Amino acid sequence: MGRRSAYNVAEAIGVAASTIKNWRAGKSEPSVSNLAALAEFLGVSLEWLATGRGASRGDGPASAAAAGAVDAVLLAQLIDGIAAIYRRHRVELPPAQQARVAAARYAEVVSVSIDPVERRGAFKMALHQIERDLLTENGSPGPNPRRT
């Protein structure tokens, strides 16, 4: 987070400064929706922030979105939808894997549509596909989900 104070970052993404300090100290991990907000604030890709892999910014739809074109409301709805699907089926998906699933689906949708109404519909379809993939033996919406 560079020279930004915990207070400034916390205020920008809507969490307490103590929460930021706990993340920095490794005492807790941010939720996927907080990771998305943090990635947007910092201008880096969600995948890079969550995993340290991929382009940090400037390459392809996901990093272009993280650089400022991201629709934070739709991304948060996608993230919440993914979490709800996994909870409903009692499958554990760690935050980093959830971020990868959300980033991949977000990038897919924004690469084919610029219309906000079309994107909302496409996100609903993406969530249905994630659930179908989760329920089939051959498909998987993310690497190594674990039943709880």
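See the structure shown above.
Residues numbered from 1 in each chain as written. Predicted model: local features only at pLDDT ≥ 70, side-chain atom pairs only at ≥ 80, totals over all residues. Heavy atoms only, no water.

**Q** Hey, could you run me through the overall build of the protein in this one?
**A** In terms of helices and strands, the protein carries eight helices and two strands. Ordered by position from the N terminus, the helices and strands of the protein form the series α-α-α-α-α-α-β-α-α-β. The buried share among the 148 residues of the protein stands at 39%. Carbon together with sulfur atoms contributes 51% to the accessible area of the protein, which is approximately 8400 Å² in total. (Helix = DSSP H or I, 4+ residues; strand = E, 2+ residues; numbered from the N terminus. Buried < 20%, exposed > 50% of the residue type's maximum accessible area, 1.4 Å probe, protein only. Areas by Shrake-Rupley, 256 points an atom, 1.4 Å probe, with all protein chains shown as cover.)

**Q** What am I meant to see in the packing of helix H7 (residues 95-112) against helix H8 (residues 116-135) here?
**A** Each pair of packed helices gets described by two things: the angle between the helix axes and the distance between those axes. One way to put it is that H7 packs onto H8 with a least axis distance of 10 Å and a crossing angle of 135 degrees. In terms of orientation, H7 and H8 fall into the oblique class. Pair H7 / H8 crosses with right-handed handedness. From H7, Val101, Arg105, Tyr106, Val109 and Val110 reach across to H8, where they touch Arg119, Ala122, Phe123, Ala126, Gln129, Ile130 and Asp133. Each residue belonging to the contact of H7 with H8 can be placed in one class, and the counts come to eight nonpolar, one polar and three charged. (Axes fitted to C-alpha atoms, helices over the stretch in contact; angles between N-to-C directions. Parallel < 35°, antiparallel > 145°, perpendicular 65-115°, else oblique. Left-handed = near helix turned anticlockwise from the far one by under 90°. Contact = heavy atoms within 4.5 Å. Nonpolar A, V, L, I, M, F, W, Y, C, P; charged D, E, K, R; others polar.)

**Q** I keep staring at the nonpolar core and nothing clicks. Help me out?
**A** Within soluble globular proteins, side chains that are nonpolar tend to cluster in buried spots. Ranked by size, the top nonpolar core spans 36 residues in total, and within it Ile20, Ile82 and Tyr86 carry the most contacts. Contributing elements (two or more residues each) for this core: helix H1 (6-13), helix H2 (17-25), helix H3 (32-42), helix H6 (72-88), H7 and H8. Discounting chain neighbours no more than four positions away, the residues touching Ile82 are Leu93, Gln98, Val101, Ala102, Leu127 and Ile130. (Core = buried A, V, L, I, M, F, W, Y, C linked by side-chain atoms within 4.5 Å.)

**Q** Just checking my understanding: could you explain the side chain of Glu131 for this structure?
**A** Inspection of the secondary structure puts Glu131 in helix H8. Overall, the relative accessible area of 18% leaves Glu131 in the buried class. Only 2.6 Å separates the side chain of Glu131 from the side chain of His89, close enough to count as a polar contact. (Polar contact = N/O pair within 3.5 Å; in protein donor to acceptor, adjacent residues only side chain to side chain.)

**Q** Is there a simple way to explain the environment of Ile13 in this structure?
**A** The residue Ile13 is located in helix H1 in this model. For the pair Ile13 and Glu40, spaced 27 residues apart in sequence, the C-alpha separation works out to 9.0 Å. What Ile13 contacts, discounting residues up to four positions off in sequence, is Ile20, Trp23, Asn34, Ala37, Leu38 and Phe41.

**Q** Explain the pattern of salt bridges to me, please; I cannot follow it from the model alone.
**A** Close approach of charged atoms allows side chains of opposite charge to pair. Scanning all chains against the criterion turns up two salt bridges. Residue Arg88 pairs with Glu131 through a salt bridge whose shortest N-O separation is 3.2 Å. Here the residue Arg88 occupies a position in helix H6, and Glu131 occupies one in helix H8, the gap between them amounting to 43 residues. We note a salt bridge from Asp133 to Arg105, for which the minimum N-O separation is 3.3 Å. Note that Asp133 is positioned in helix H8 and Arg105 in helix H7, a separation of 28 residues in sequence. (Salt bridge = Lys/Arg side-chain N within 4 Å of Asp/Glu carboxyl O.)

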